[in-house]
Each structure stands twice: as structure tokens, then as C-alpha cells.
Amino acid sequence: MAIELIKAEDANELLDVVASIDISVPLRTEGRTTDHCERWSMCRLLATIADSEFLQFPIAVAHRDRPDFHIKHGSMDTGVEVTEVVPANHAAIDAYREHNEVDGPFFLKRQRPGEDRLSGSALRSAATSDEPGDGWAGDCVEREWLDAMRAFISAKVAKSAKSGFQLFPENWLLNYDNWPLPGVDREDAAKRLSASMKSGDFGQFQKI
């Protein structure tokens, strides 16, 4: 069921409304839900593009499912699907540390999209390890970020082609970036991602 989240007549009102919404995201073991991440992502996006060519006014935003949001703006209807870009093992390790009060600090560990899930003793060992692991050199941070984004984009493109996913005249994919990397040059990484994408890679999405 769709829930109306935001209504605004112009960019200034949109910014005021977005600023009034609680977009705090609890820790994974303290009640974090997908809704928290989706609301944070949408409000940050709207605040960023409020006074841009991407939005028309008046605007109404509804929180729903498949896709996660429907933006009615001016004469335009836009669907927005949100995905959290995070390694499943990294999220599980974070949750284990929070739940068991395992104190850090800990070194960042290199992650790969699609890695086998850790469980049991393997998860406990990874969560309590203070080994530094492999380091990063040159531009491998940006290349690994690109690989992670490409993997999650591909997964959502496949999901959007399945029955039950509603397509609108315009469709966006919004990535909530929680991929653990040190010192990503985001401008450079984003340019690399854009350059690597072919028209068919976007699927039904016009903007990512």
C-alpha cells in the first residue's frame, strides 16, 4: 500500500518538508528496517535535486513497493527503486559486533560482490579478527567501488523486468552506498561508472 510522504508546491517548500522528516537510521541491531534506508535515501535525493531540471512542481511523493517510491511531479510520473549497496557479510559482521558489544577499532576488509555468506564460527571469527587483511594500492579503491555498483545495478535491472514490478513513464534507480572502502574519490569513481555503462545496462531505468 502506498503511503503519501511528501507534498510541495515549489522547491523551497519541498526543502522545508524534507527537513522536517526524521531520516535517522538506527543501528542494524536497534530496529533498522529497509524503510529507514529508503526514507533516508529519498529525502537526501530530493534535497539535492529540489531546484533542478529533474523535478517539476507541484510534487507528491508516495512510499510504496516495487518500486519503492512514486513521484508525481508536474505532468510527470516517476518510479524510484532504492537499493542498499552493502556486502551481506559486512552487514552481518556489523550486526554481530553491535549485538555482542565487540569493541574495535577494526581494519576494513576487502569485499567482493556475490561472495559466499559467512555463518557460525566463520562469522564469529571475522567479526572478532583484528588482522589488517589485504591493502589497497593505486586506483583499486575506485575500481572495486565500480564493480560493486555494477553488480547491484545489474541485480536491480533484472528485478525490474519481473512480473509485479510497476514501471512508470520515467524510472530511476537510487543506490544507498554502504560499500566499505577507504578514501573513495567519488567524482572519479562516478565518472568511471558512467563511462562503463552501455545503454542496455540501464534496463528500464532512465537515471541511476
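The preceding data block contains the structure.
Residues numbered from 1 in each chain as written. Predicted model: local features only at pLDDT ≥ 70, side-chain atom pairs only at ≥ 80, totals over all residues. Heavy atoms only, no water.

Caption draft 1: Highlighting the packing of helix α5 (residues 140-160) against helix α6 (residues 186-196). One way to put it is that α5 packs onto α6 with a least axis distance of 9 Å and a crossing angle of 50°. Of the possible angle classes, the one that applies to α5 and α6 is oblique. When the axes of α5 and α6 are compared, the crossing they make is right-handed. Contacts from Glu142, Arg143, Trp145, Leu146, Met149, Arg150 and Ile153 in α5 reach Arg186, Asp188, Ala189, Ala190, Arg192, Leu193 and Ser196 in α6. Within the contact of α5 with α6, the residues separate by chemical class into 7 nonpolar, 1 polar and 6 charged. (Axes fitted to C-alpha atoms, helices over the stretch in contact; angles between N-to-C directions. Helix = DSSP H or I, 4+ residues; strand = E, 2+ residues; numbered from the N terminus. Parallel < 35°, antiparallel > 145°, perpendicular 65-115°, else oblique. Left-handed = near helix turned anticlockwise from the far one by under 90°. Contact = heavy atoms within 4.5 Å. Nonpolar A, V, L, I, M, F, W, Y, C, P; charged D, E, K, R; others polar.)

Caption draft 2: View of the environment of Asp130. With respect to the helices, strands and loops of the structure, Asp130 is situated in the loop between α4 (120-128) and α5. For Asp130 and Phe106, which are 24 residues apart along the polypeptide, the C-alpha to C-alpha distance reads 5.8 Å.

Caption draft 3: Summary view of the packing of aromatic side chains. One pass over the full model with this rule turns up 2 aromatic pairs. Centroid distance Phe152 to Trp179: 6.0 Å. Interplanar angle 75°. Geometry classified as edge-to-face. Of this pair, Phe152 sits in helix α5 while Trp179 sits in the loop between β5 (170-177) and α6, placing them 27 residues apart in sequence. Accessibility classification places Phe152 together with Trp179 in one group, the buried group. In this structure, Arg97 packs its charged tip against the face of Phe106, placed 3.6 Å from the ring centre. (Phe/Tyr/Trp six-rings, centres within 6.5 Å; stacked < 30°, edge-to-face > 60°. Buried < 20%, exposed > 50% of the residue type's maximum accessible area, 1.4 Å probe, protein only. Lys NZ or Arg CZ within 6 Å of the ring centre and 35° of its normal.)

Caption draft 4: Layout of a negative patch on the surface. Judged by side-chain charge, Glu9, Asp10, Glu13 and Asp16 come together as a negatively charged surface patch. With respect to the helices and strands, Asp10 occurs in the loop between β1 (3-8) and α1 (11-20). Residue Asp10 is classed as partly exposed on the basis of its relative accessible area, which comes to 37%. (Patch = residues over 30% accessible without salt bridge, like charges linked within 9 Å, V, L, I, M, F, W, Y side chains within 5 Å. Areas by Shrake-Rupley, 256 points an atom, 1.4 Å probe, with all protein chains shown as cover. Salt bridge = Lys/Arg side-chain N within 4 Å of Asp/Glu carboxyl O. Lys, Arg positive; Asp, Glu negative; His and termini not counted. Charge placed at Lys NZ, Arg CZ, Asp CG, Glu CD.)

Caption draft 5: Representation of the nonpolar core within the structure. Core analysis: the biggest nonpolar cluster contains 22 residues, and Leu14, Leu46 and Ile71 have the highest contact counts within it. Elements that contribute at least two residues to this core include exactly β1, α1, α2 (34-49), β2 (59-63), β3 (69-73), β4 (76-85) and β5. Ranked by residues supplied to this core, first place goes to α2 with 5 residues. Those residues in contact with Ile71, other than ones at most four positions away along the chain, are Met42, Leu46, Leu55, Ile59, Ala60, Val61, Met76, Asp77, Thr78, Val80 and Trp172. (Core = buried A, V, L, I, M, F, W, Y, C linked by side-chain atoms within 4.5 Å.)

Caption draft 6: Structural context of unusual backbone geometry. In this chain, Arg66 is followed by Pro67 through a cis amide linkage whose omega measures 5°. Following the sequence through the fold, Pro67 ends up in the loop between β2 and β3. Gly104 connects to Pro105 through a cis peptide bond whose omega is 5°. In this structure, Arg66 takes a positive phi of about 50° despite not being glycine. Secondary-structure assignment places Arg66 in the loop between β2 and β3. By relative accessible area, Arg66 is classed as partly exposed at 24%. Although it is not a glycine, Glu101 adopts a positive phi angle of roughly 50°.

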